[in-house]
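# Working through the structure, step by step
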Amino acid sequence: MSDHEKDMERKHRQLAGCVPVSADYTRCLLITSRHFPNDFVFPKGGVKRGESAEEAAVRETWEECGAVGELGEEILLYEEHAGEEQFDDNEDMEDGDVNEQEDKRKRHRPRWFILKVNQVHDDYPEKGQRLCQWFFVKQARHLPNLRPTTRRLLKYVYRRFVKPG
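Residues numbered from 1 in each chain as written. Predicted model: local features only at pLDDT ≥ 70, side-chain atom pairs only at ≥ 80, totals over all residues. Heavy atoms only, no water.

### What about a positive patch on the surface?
- Side chains of Arg152, Lys155, Arg159 and Lys163 sit close together on the surface and give a patch of like positive charge.
- Note that Lys155 resides in helix 5 (residues 148-162). (Patch = residues over 30% accessible without salt bridge, like charges linked within 9 Å, V, L, I, M, F, W, Y side chains within 5 Å. Areas by Shrake-Rupley, 256 points an atom, 1.4 Å probe, with all protein chains shown as cover. Salt bridge = Lys/Arg side-chain N within 4 Å of Asp/Glu carboxyl O. Lys, Arg positive; Asp, Glu negative; His and termini not counted. Charge placed at Lys NZ, Arg CZ, Asp CG, Glu CD. Helix = DSSP H or I, 4+ residues; strand = E, 2+ residues; numbered from the N terminus.)

### Notes on the packing of aromatic side chains
- Following the criterion strictly, the structure yields 2 aromatic pairs and no others.
- Ring centres of Tyr25 and Phe161 lie 4.0 Å apart, and the angle between their planes is 5°; this geometry places the pair in the stacked category. Here Phe161 lies in helix 5 and Tyr25 lies in the loop between strand 1 (15-21) and strand 2 (27-32), a separation of 136 residues in the sequence.
- The class of Tyr25 is buried, set by a relative accessible area of 18%.
- Both rings, one in Phe40 and one in Phe135, keep their centres 5.2 Å apart while their planes meet at 75°; by these two values the pair is edge-to-face. With Phe40 in strand 3 (residues 40-41) and Phe135 in strand 7 (residues 132-136), this residue pair connects regions lying 95 residues apart in the sequence. (Phe/Tyr/Trp six-rings, centres within 6.5 Å; stacked < 30°, edge-to-face > 60°. Buried < 20%, exposed > 50% of the residue type's maximum accessible area, 1.4 Å probe, protein only.)

### Some details on the pairing of strand 6 (residues 111-120)
- Where strand 1 and strand 6 come together, 6 bridges link them in parallel fashion. In the sheet register, Val21 faces strand 6, and the bridge partner there is Lys116.
- As paired elements, strand 5 (residues 67-75) and strand 6 share 7 bridges and run antiparallel to each other. By the bridge assignment for strand 6, Ile75 is matched with Trp112. (Pairing = 2+ DSSP bridges.)

### Describing helix 5
- The end-to-end C-alpha distance of helix 5 is 20 Å, a good match for the 21 Å that 15 residues give at a rise of 1.5 Å each.
- Every buried residue belonging to helix 5 is among Thr150, Leu153, Leu154, Val157 and Tyr158, and all of these are buried. For helix 5, the buried positions fall inside an angular range of 140° around the axis, keeping them on one side. Opposite its buried face, helix 5 presents the exposed residues Pro148 and Arg159, each directed more than 90 degrees away.
- Looking at the packing, one finds that the buried side of helix 5 touches strand 1, strand 2, strand 3, strand 5, strand 6 and helix 4 (137-140). (Expected span 1.5 Å × (residues − 1). Arc of directions from axis to C-beta. Contact = heavy atoms within 4.5 Å.)

### Brief notes about the pairing of strand 1
- Within strand 1, 7 of the 7 residues are buried, which leaves it mostly tucked inside the rest of the structure.
- Here strand 1 shows no split at all, with Leu15, Gly17, Val19 and Val21 on one side and Ala16, Cys18 and Pro20 on the other all buried.
- Direction of pairing for strand 1 relative to strand 4 (residues 44-46): antiparallel, over a ladder of 3 bridges. In the sheet register, Gly17 faces strand 4, and the bridge partner there is Lys44.

### Some details on the environment of Arg141
- With respect to the helices, strands and loops of the structure, Arg141 is situated in the loop between helix 4 and helix 5.
- The sequence separation of Arg141 and Arg151 amounts to 10 residues, and the corresponding C-alpha distance is 6.0 Å.
- In this structure, Arg141 is in contact with Leu146, Arg151, Leu154, Lys155 and Tyr158, ignoring residues within four places of it in sequence.
- In terms of polar contacts, Arg141 uses its side chain to reach the side chain of His142, at 3.2 Å. (Polar contact = N/O pair within 3.5 Å; in protein donor to acceptor, adjacent residues only side chain to side chain.)

Below, the structure is given as structure tokens:
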């Protein structure tokens, strides 16, 4: 594969991740981010050629924190993107430009899945590269060092599975 092809594949790669939770959904497993080492995130990574998003999410979760379990529902996040409104009032912008921008956002939006963890292995590919820690979902939502998407995913899990009534 040429350097150009590799670059294009990186720009167009699909991402997938898991929200690892305990069987009763009250706890979640968070890891530290590679890009922001003081921040907690959920495991995610690129979908390899010939692999489904579901398979990639499970693989990435095992590689990054050793967790395995039962894959559950997909979490659909509708994200707001900075600058999205810039197209609303710009009459000079061609429709194709708007579609290209939207297409870029879709390509880099990870697909997220619940993973009900039944085991955390002691040995896994990225052991020692990140901190992995269990938190109660109720408390984790208020941690100061969460990436924005992680906070939104925790809010979803809390509202969907933990919050009473």
